[in-house]
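Inside the fold
One-letter residues, chain by chain:
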Amino acid sequence: RDVKDMGKTYTELEINNNKGQATRIGMLGLPQGGFAPTGDTLAAVHIDGTYLTNFWALNGLMFDLDRVEVLAGPQGTLYGRNTAAGAVNLITRRPGKDFKADGNIEFGSFNTQRINAGVDVPLSDSFQVRVAGTKFKRDSLFTDGGGALDQWAGRISGNWAIAENDTLQFTYD
């Protein structure tokens, strides 16, 4: 559901997501800020193969995922710079060949509301589109009023079979 859940699932990850701050990811005991002179992190995060240069919006991207891959240890050969500690890959759901809609709604303490929805629309045998979105709202967890959240995000993705063995995939977040 969110970045903190990754830290609970994968023991090699250290997630720091304090109120009002960017998410910071450490891995294998290496610090979240890293040792790089540029201040880059030592663990890289990719979404559908695209490197995220910062993690400010990472919580907003944690919806409509097919899977999360955590690769511990140096990954420079496959993923380039900023991977001395490892890499995290967020793989989003791809459009299906049949019309399909899905979603869920959650309510919780502190007036928490989370809504996720997605729809697959096959426009032809060779072109499919998926539209998905999320809305998350929560009152402050702290007496000083910090930590209240009101986030939303959307994603559109598509598959276009150009030829028998060639498919163009696109995603816009």
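For the structure itself, consult the block above.
Everything in this summary refers to the structure shown in the same document. Treat the numbers as computed from the prediction; the structure is a model and nothing was measured. (Residues numbered from 1 in each chain as written. Predicted model: local features only at pLDDT ≥ 70, side-chain atom pairs only at ≥ 80, totals over all residues. Heavy atoms only, no water.)

1. A few points about the sheet that holds strand S3 (residues 43-47)
Whether parallel or antiparallel, the strands of a sheet pair through hydrogen bonds between backbone atoms. The test is simple: Strand pairing follows a simple DSSP-based rule, namely that at least 2 bridges must link the two strands. Helix and strand definitions here come from DSSP, where helices need a minimum of 4 consecutive H or I residues and strands a minimum of 2 consecutive E residues; each element is numbered from the N-terminal end.
Strands sit in the order S4-S3-S6-S5 across an open sheet of four strands; the sheet is mixed. Two strands lie at the open edges of the sheet, namely strand S4 (50-51) and strand S5 (65-72), each paired on one side alone. Two elements, S3 and strand S6 (residues 86-92), share five bridges in a ladder whose sense is parallel. Note on S6: the bridge partner recorded for Ala-43 is Gly-86.

2. Considerations on the pattern of salt bridges
Applicable threshold: Whenever Lys or Arg places a side-chain nitrogen within 4 Å of a carboxyl oxygen from Asp or Glu, that contact is recorded as a salt bridge. Under the scheme applied here, a residue whose accessible area is under 20% of the maximum for its type counts as buried, over 50% as exposed, and between as partly exposed, the area being computed with a 1.4 Å probe on protein chains only.
Tallying each qualifying case throughout the model produces 10 salt bridges. Between Asp-120 and Arg-130 there is a salt bridge, and its shortest N-O distance comes to 2.8 Å. Taken together, the residues Asp-120 in strand S8 (residues 112-122) and Arg-130 in strand S9 (residues 127-138) connect sequence positions 10 residues apart. On the basis of relative accessible area, Asp-120 is assigned to the buried category, the value being 5%. Arg-130 sits in the buried class, given a relative accessible area of 1%. Residues Asp-173 and Arg-155 are paired through a salt bridge, measuring 2.6 Å at the closest nitrogen-oxygen approach.

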